[in-house]
Amino acid sequence: WPALLLIGLPRGSHTRRAVGAAAVACALLAVGLAVLLPGSLNFLAYQRGRGVQLESVPGTVFLVARHLGWDGTNPFRYGAREFVGPGVGTVRVVAPLLTLAALGWLLHWRRRAGGHPCTPHDAALTATLLAVVTSRVLSPQYLVWLVALAAVCLAQRETSQRTVASLLLACTALTQLEFPVLWGGVVGARLPADLVLLAR
């Protein structure tokens, strides 16, 4: 996700150098890990195999559907609870397509945006938020990234992200209630816990 911060950089030679430096740093890190710690990059294959996590926004479809008679389960796989059942495969395919479409739109917007001082910060928050919201996985710690970026935006007087920052704080509070306090209820499909997750 830190690569999404590059979207916020202003156009110019500094940005091209930053993107090049980030690519070189990632390549060196990947080669170093592969050589020094065999198997350390296996998480990439695991990530590709993950399904639709209980707490993800795309998972909301099944969060609601299970109270309307949907015949599915939520086993523990890849270190998280995932939905398994009818329709999950479709959502699993559509979610990454939505991520690509959202980031494509953001790049198009960013190219057309002017040189306003708040644009880099607002674009970085928007890019990360779009990636999180359209992802098949949404762990509670993801909100830490978003709240940190919202704080950077709020440090700018003319940011367009004040409402987003307020909503993120509310989401963070609901997340702390949903996990770990009401987690057993979410796993067990109890309506009060699911309503808190749905509100989040």
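What you see as residue numbers is a count from 1 along each chain, following the sequence as written. Whole-chain, interface and lining totals are the exception, using all residues; otherwise, since this is a predicted model, local features are given only for residues with pLDDT of at least 70 and side-chain atom pairs are given and counted only at 80 or more. The side-chain values count all of the structure's non-hydrogen atoms but skip hydrogen atoms and water molecules.

(A) Seen up close, the overall build of the chain. Only DSSP runs of H or I reaching four residues or more are called helices, and only runs of E reaching two or more are called strands; each is numbered from the N terminus. Check the secondary structure of the chain and you find nine helices and three strands. Secondary structure of the chain in N-to-C order comes out as α-α-β-α-β-β-α-α-α-α-α-α. When its C-alpha atoms are laid out on the principal axes, the chain stretches across 55 × 45 × 30 Å. Between two residues, a contact is recorded if the distance between any of their heavy atoms is within 4.5 Å. Sequence-distant contacts, at least 24 apart, represent 64% of the contacts inside the chain between residues at least 6 apart. Of the accessible surface of the chain, which amounts to about 11,400 Å², a share of 70% is contributed by carbon and sulfur atoms. Here the chain holds 17 positive side-chain charges and 7 negative ones, and the gap between their average locations is 11 Å. Each accessible area is a Shrake-Rupley result for a 1.4 Å probe, and residues are judged covered by the shown protein chains and nothing else. Working convention for charge: Lys and Arg count positive, Asp and Glu count negative, and His plus the chain ends are omitted. Charge positions come from single atoms, namely NZ of Lys, CZ of Arg, CG of Asp or CD of Glu.

(B) Highlighting the layout of surface pockets. Each pocket or cavity is described by its volume, and for the second largest pocket that value is around 290 Å³. Here a cavity denotes a set of grid points, spaced 1 Å apart and computed over the protein atoms alone, in which a 1.4 Å probe fits but from which it cannot get out, and a pocket denotes an open set meeting protein on both sides within 12 Å along at least five of seven lines; residues with an atom within 4 Å of a point are reported as lining. Considering the residues around the second largest pocket, the lining is formed by 17 residues, among which Val57, Val133, Leu138, Cys171 and Arg200 are closest to the centre. No other element matches helix α7 (residues 162-181), which puts four residues into the lining of the second largest pocket. Tallied by class, the residues present in the lining of the second largest pocket amount to 13 nonpolar, two polar and two charged. Grid points are joined across faces, edges and corners, and a volume is the space filled by probe spheres set on the points. Under the grouping applied here, Gly and all other residues not named as nonpolar or charged are polar, the nonpolar ones being Ala, Val, Leu, Ile, Met, Phe, Trp, Tyr, Cys and Pro and the charged ones Asp, Glu, Lys and Arg.

(C) How the structure looks around the sheet that holds strand β1 (residues 52-53). With respect to topology, three strands assemble into an open sheet ordered β1-β3-β2, the strand pairing being antiparallel. Here the strands that pair on one side only, and so sit at the sheet edges, are β1 and β2 (76-77). Following DSSP output, two strands are said to pair if at least two bridges run between them. Bridging between β2 and strand β3 (residues 80-83) involves two bridges; their strand directions are antiparallel. In the strand pairing of β3, Phe76 is matched with Arg81.

(D) Quick peek at the environment of Cys171. Tracing the backbone through its elements, the reader meets Cys171 in helix α7. In this structure the C-alpha to C-alpha distance between Cys171 and Ala34, which are 137 residues apart in sequence, comes to 37 Å. If we skip the residues at most four places from it in the chain, Cys171 touches Leu143 and Arg200.

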